[in-house]
Amino acid sequence: MTSFRTELASPQPGRGSLPARAHLRSDAPHQPLDGTWQVRRHPGGAWSEIRVPGHLPLQGHGAPIYANVRFPFPVDPPFPPDDNPVHDHRLEFEADPAVLAHPSVLRFEGVDGAATVWLNDVELGTLRGSRLTTEFDTTGVLRDGVNVLDVRLAQWSAHSYLEDQDMWWMPGIFRSVTLLARPEGGIRDVFVHASYDHRDGSGTLRVDVDSDAVVTVGVPALGRDDLGAGESHHFRSVDPWTAENPMLYAVRVHTPAEVVTLRVGFRTVHVADATLMLNGRPLLLRGVNRHEHHPLHGRAVDLETARAELLLMKKHNINAVRTSHYPPQASFLDLTDELGLYVMVENDLETHGFEPNGWRGNPSDDPQWRDAYIDRMRRTVERDKNHASVLFWSLGNEAGTGANLDAIAQWAKRRDPSRLVHYEGDRRSLHVDVYSRMYADTAEVARIGAFTEPEDEHRRTLPFLLCEYAHAMGNGPGGLSEYQELFHRWPRLAGGFIWEWVEHALHGGTTADGRTIQLYGGDFGERVHDGSFVIDGLVHADRTPGPGLADVARVFAPVELTIDASASTLTIVNRYHSLGLSHLDAGFPLPHVPAGATVTVPLQLRSAPPPGADGAVAVPPDLPLTVSLRDRDQGHEVAWAQYVPPRPPVSLRATAVPSDDLRLGPAVFDPGTGMPVRLGDLDLHDVAVSLWRAPTENDRGRGWEEHDLPSMADRWAAAHLDDLRTRLIDVTVDGAALVVRTRSGPPVIDAGVDVTWRWTSDGEALALDLTIEPYGQWPCEWARAGIDLRLDRPTSQVTWTGWGPGPQYPDTGQGARYGDFTADRDTYAERTVRPQEHGARRIDDAFIDVGGIGLRVRGVDVPLTVRPWSRQTVAATAHDHELPAATSTWISVDAAASGVGTASCGPGVLPAYRLAPSVQRLRVVLQQPIRELPAATSSYQSVSEPSP
Ligand code: IPT
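Remember, it's a predicted structure, so these values are computed and weren't measured experimentally.

Engineer: Is there a simple way to explain the site of the ligand in this structure?
Structural biologist: Taken together, the neighbourhood of the ligand is formed by 15 residues, with Asp166, His325, Asn397, Glu468 and His471 sitting nearest. Contact distances for the ligand include 3.1 Å between an oxygen atom and a side-chain N or O atom of Asp536. Protein contacts shield 90% of the accessible area of the ligand, which totals 380 Å² for the unbound molecule. Classifying every residue of the shell around the ligand gives six nonpolar, five polar and four charged.

Engineer: Is there a simple way to explain the packing of helix α8 (residues 480-489) against helix α9 (residues 548-555) in this structure?
Structural biologist: The description of two helices packed together rests on the angle between their axes and the distance between the axes. Viewed as axis vectors pointing N to C, α8 and α9 meet at an angle of 20°, and their least axial separation amounts to 10 Å. It follows from the interaxial angle that α8 and α9 lie roughly parallel. At the point where α8 passes α9, the crossing takes the right-handed sense. Contacts between α8 and α9 pair Leu480, Ser481 and Gln484 from the former with Asp551, Val552 and Val555 from the latter. The class makeup of the residues in the contact of α8 with α9 is three nonpolar, two polar and one charged.

Engineer: Looking at this model, I keep getting lost on the UniProt feature "domain: Beta galactosidase small chain/" (unreviewed entry) in the chain. Mind explaining?
Structural biologist: Per the UniProt record, the feature "domain: Beta galactosidase small chain/" (unreviewed entry) sits at residues 663-927. Strand forms 46% of residues 663-927 and helix 7%; the C-alpha atoms that close the span are 15 Å apart.

Engineer: What is the right way to read α8 from this model?
Structural biologist: Three- or four-residue spacings in an α-helix give side chains the same orientation, since the helix completes a turn every 3.6 residues. Here α8 lies mainly inside the structure; seven of its 10 residues are buried. The set of residues buried in α8 consists of Leu480, Ser481, Glu482, Tyr483, Gln484, Leu486 and Phe487. Against the buried residues of α8 lie β26 (285-289), α7 (442-449), β32 (464-469), β33 (493-498) and α9.

Engineer: I keep staring at the domain arrangement of the chain and nothing clicks. Help me out?
Structural biologist: The accessible area lost on association of the parts is a frequent measure of interface size. By domain assignment, the chain separates into domain 1 (2-181), domain 2 (557-646) and domain 3 (663-927). Computed from C-alpha coordinates alone, the two centres of domain 1 and domain 2 are separated by 55 Å.

Engineer: What should I look at first to understand the side chain of Glu309 in this one?
Structural biologist: For Glu309, the position within the fold is in helix α3 (residues 303-315). A polar side-chain atom of Glu309 sits 3.2 Å from a polar atom in the side chain of Arg543. What Glu309 contacts, discounting residues up to four positions off in sequence, is Arg290, Val301, Trp501 and Arg543.

Engineer: Hey, could you run me through the nonpolar core in this one?
Structural biologist: Taken as a class, soluble globular proteins show a tendency for nonpolar side chains to be buried jointly. Counting residues in each nonpolar core, the largest one holds 69 residues, and the members touching the most others are Ile318, Val445, Tyr469, Ile498 and Trp501. Ranked by residue count, the leading element in this core is helix α6 (residues 403-415), at six residues. Sequence-distant contacts of Ile318, defined by excluding residues within four places in its chain, comprise Arg286, Gly287, Val288, Met313, Leu341, Trp501, Leu549, Val552 and Phe556. Counting 59 residues, the second largest nonpolar core, distinct from the first, contains Phe669, Val753, Ala896 and Leu915.

Engineer: Is there a simple way to think about the packing of aromatic side chains in this case?
Structural biologist: Both the distance between ring centres and the angle between the ring planes are used here to describe each pair of aromatic rings. Inspection of every chain in the model, using the stated rule, returns 25 aromatic pairs. Ring plane angle 65° and centroid distance 5.4 Å describe the contact between Phe71 and Tyr161, whose orientation is recorded as edge-to-face. One end of the pair, Phe71, is in the loop between β5 (65-67) and β6 (86-94); the other, Tyr161, is in the loop between β12 (146-154) and β13 (167-169), with 90 residues separating them in the sequence. Here Phe71 and Tyr161 have matching classes, each one buried.

Engineer: I keep staring at the sheet that holds strand β4 (residues 48-52) and nothing clicks. Help me out?
Structural biologist: Hydrogen bonds between backbone groups are what pair the strands of a sheet, and the pairing can be parallel or antiparallel. Across the sheet, six strands lie side by side as β4-β3-β6-β12-β9-β10; this open sheet has antiparallel pairing. Strand pairing shows two members of the sheet lacking a second neighbour, β4 and β10 (122-127), which therefore form its edges. Sheet twist, expressed as the mean angle between neighbouring strand axes with direction ignored, is 30°. Sheet topology places strand β9 (residues 114-119) next to β12; six bridges connect them, and they run antiparallel. Note on β12: the bridge partner recorded for Val117 is Val151.

Engineer: Is there a simple way to explain the confidence of the model for the chain in this structure?
Structural biologist: When pLDDT is averaged along the chain, the result is 95; 96% of the residues meet or exceed 70. Counting interchain partners and residues more than four positions distant, the pLDDT-below-50 stretch residues 607-619 has 14 contacts. Within the model, pLDDT remains below 50 along residues 934-948, and this stretch shows 46 contacts once partners closer than five positions in the same chain are excluded.

Engineer: Can you help me understand the state of the cysteines in this one?
Structural biologist: Here, disulfide denotes a covalent bond that connects the sulfur atoms of two cysteines. Scanning all chains against the criterion turns up zero disulfides. Looking at the unpaired Cys905, the closest cysteine sulfur is the one in Cys467, lying at 11 Å.

Engineer: Mind showing me how you'd approach the pattern of salt bridges here?
Structural biologist: Applying the stated criterion across every chain yields a total of 68 salt bridges. With a shortest N-O distance of 2.8 Å, Asp880 and Arg831 are connected by a salt bridge. Of this pair, Asp880 sits in the loop between α12 (871-876) and β56 (889-897) while Arg831 sits in the loop between α11 (825-829) and β54 (841-849), placing them 49 residues apart in sequence. Under the relative-accessibility criterion, Asp880 is labelled buried at 10%. Judged by its relative accessible area of 19%, Arg831 is buried. Bridged by salt links that share partners, the residues Asp112, Arg131, Glu163, Arg299, Asp348 and Arg376 form one connected network.

Cut-off values and rules
- Residues numbered from 1 in each chain as written.
- Predicted model: local features only at pLDDT ≥ 70, side-chain atom pairs only at ≥ 80, totals over all residues.
- Heavy atoms only, no water.
- Near = heavy atom within 4 Å.
- Polar contact = N/O pair within 3.5 Å; in protein donor to acceptor, adjacent residues only side chain to side chain.
- Areas by Shrake-Rupley, 256 points an atom, 1.4 Å probe, with all protein chains shown as cover.
- Nonpolar A, V, L, I, M, F, W, Y, C, P; charged D, E, K, R; others polar.
- Axes fitted to C-alpha atoms, helices over the stretch in contact; angles between N-to-C directions.
- Helix = DSSP H or I, 4+ residues; strand = E, 2+ residues; numbered from the N terminus.
- Parallel < 35°, antiparallel > 145°, perpendicular 65-115°, else oblique.
- Left-handed = near helix turned anticlockwise from the far one by under 90°.
- Contact = heavy atoms within 4.5 Å.
- UniProt positions renumbered as here; feature names shortened; annotations may be inferred.
- Buried < 20%, exposed > 50% of the residue type's maximum accessible area, 1.4 Å probe, protein only.
- Domains from an automatic or database assignment.
- Core = buried A, V, L, I, M, F, W, Y, C linked by side-chain atoms within 4.5 Å.
- Phe/Tyr/Trp six-rings, centres within 6.5 Å; stacked < 30°, edge-to-face > 60°.
- Pairing = 2+ DSSP bridges.
- pLDDT = per-residue confidence, 0-100.
- Disulfide = S-S within 2.5 Å.
- Salt bridge = Lys/Arg side-chain N within 4 Å of Asp/Glu carboxyl O.

What follows is the structure in structure tokens.
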């Protein structure tokens, strides 16, 4: 018997297990073994309790390690390091007599690390493949009364080289352990083949069954309970399965000894004319990459949480999930079948850490790893092969190239010709059914869609998808709309999967003042780590949505609405795969618009009923108008459009006259700086022009299209953009205006900005007309151009008329609409795990409450940022919970801002959204209200009615 340690260095698959098969819902007895187990460090530790499923480092045994591409140990395959934590797990349990009455099987659904398993001191075999199911035969070993199950688990093994996914390294028995009775004459495995023929609406069903007994198959909803296994059965008319209408048929497979129940969807996925087709119609994937993550439990995600995630996705028009980068817990796919999401199931395979070493020694092309590759792919496909929602098998992620990958592609195609094989790393798409890329920029995606990119004949026959794009890290992702427009334009483009769904922050307790501590790479003392790169999701680790999710919902909307106010028409484009619009409620009768069609109807407008009035009225041309479509059953909004009329600049009658001591209306100016220092009862501090922002994660990344240049944040730092010094040129009076001219520039360089501040007042408010003009040769683009100021009290809330509720930068905020909003301090600031610039809303009229009094800001579409910390503090703080308590309020009003892009991983800011040094103008009116503000009135039109 090879020793435990020696065997850890073997590239061979685990041994002793039963052949892989589907997870089946059976009436045979089973016994869950989840619960409280015993654990001790091996050798020599003392036993203590541990929760299964769970991770060791999240229960006090060792620490999590976050490393993305790089292996946190020497790259010396197939050897793991000697410094390799090993833990013994033990469960003593009474066998359930119902299980004991039959042959039995012990099933592990996921054990992170490499383990050897004993039952009653009999070695059952080894576990390899952390996110894959393993079953051992326990017949004759399982005994009456107390049984002892031992699992010796090492964190590192040869197989760690195959499991380099971008996530926390966290060993543990993190998925369920179950004993299953396997009755004699029962059903060992089932493979359902259910297809749909869109030409005549018929379905074909073949159920292959592995059993020694006589098997019958029943489909009650189709009136049959006597079908033979292994034969094709044709049904003249079936309701096909799609994510939009996830129609499932109960299928009962029985032998005299066992009944297995499946839920089967008839559907056909294929490629035609380089287009991805489902049931004979083009399919667009509006997807996300999903890791399993919970801030307290790591990859041990309970099913209720998973269901809530999927419902949240559906509510935001997401229709597809790539299970990056391993098969999810098995029952997850029952949910995607039932709720309706298209799934790309990915094999548990990534060898990315070989890339920094020039891919030397990559297991993907080394024969000694071939069996492990086949074993992993086989276990992936066999487990999940009966799910209608699964359209693709993915060979793995970032595993380079090589014969072992080619072999598993061929194996998967042979075993399951009904699904498409995906692998992004296949550089010539030779062994796959779709051309896949990650983070390609829109210019290239457009060429691929238009077939103007040089490609060989084979690749030209394939549809294209982005298995990862729009890196949702921090403030962003910018540029979603530009991708979606291309997906709509070119049939070859099958859409893609945003990176990524959920952030992987780990819960680190609570601060004294009640803030949740969220941790990332490096926070556990790791010496090799990738910091906050694991915090890059549309939803936070606790699944509260980040602002990007509203943008995704809008951009992914399956119905596109366009209001033409001048023509008084509404254009409706139905972008569903096959649904009409009858499930949607618009508040008015929707015309018939079949999937794929566009209909334009006249709009008869009805304002939100003014008190006392009712019925349709003509649109006052100066009121915004919103059309909104809701899902009748689920209630959520599916699509909306808004027409916002142009608003004139804020006017103010300049009646006040500047005094000699630099007072103007409610304002007092400092003669030394020319800047206002008081407005009514408010002290204004640090009024200054500003071109910088606290770098976002995207600003800190190097855009792929300009990877030879420093990041934007570094370019700004090199130009000292955060450190403008100001010289007062002069203060003059021009009629009723106080005109202040300043010059501001960073130290070291000879470029800067000349700024003209033209102040006027009507006695109550203060209007600023600001002009910013660059001089000299600017070495970098700007982050923004605007003014900053500080109030010496913390804000409690901001109320505004303008765009909301979420923030907007030039390439984000598609989910924001015009209206009246209120946000508390934290919501307005848009806190992120790692602090960065965020939270700008485009406002027309805002009130920043600082406790009884406050500052009113008016303008047209003016980006307004409000938060209780300075930019320098935000930029210098590593974690949200380390930000100081609120004592002041920092306010910025911008003339212009740069987009945010996705350079944290992928392209930078698109050219149209960059801010080149240029003349910028801003008109804004500041006021410290002396009267109570009227409560915001919703005079906006919210409903429109197309006339019949
Ligand atoms: C890409 C990885 O596939 C994914 O797991 C994740 O790490 C992502 O990057 C960044 O968050 S690989 C990268 C080289 C594009």
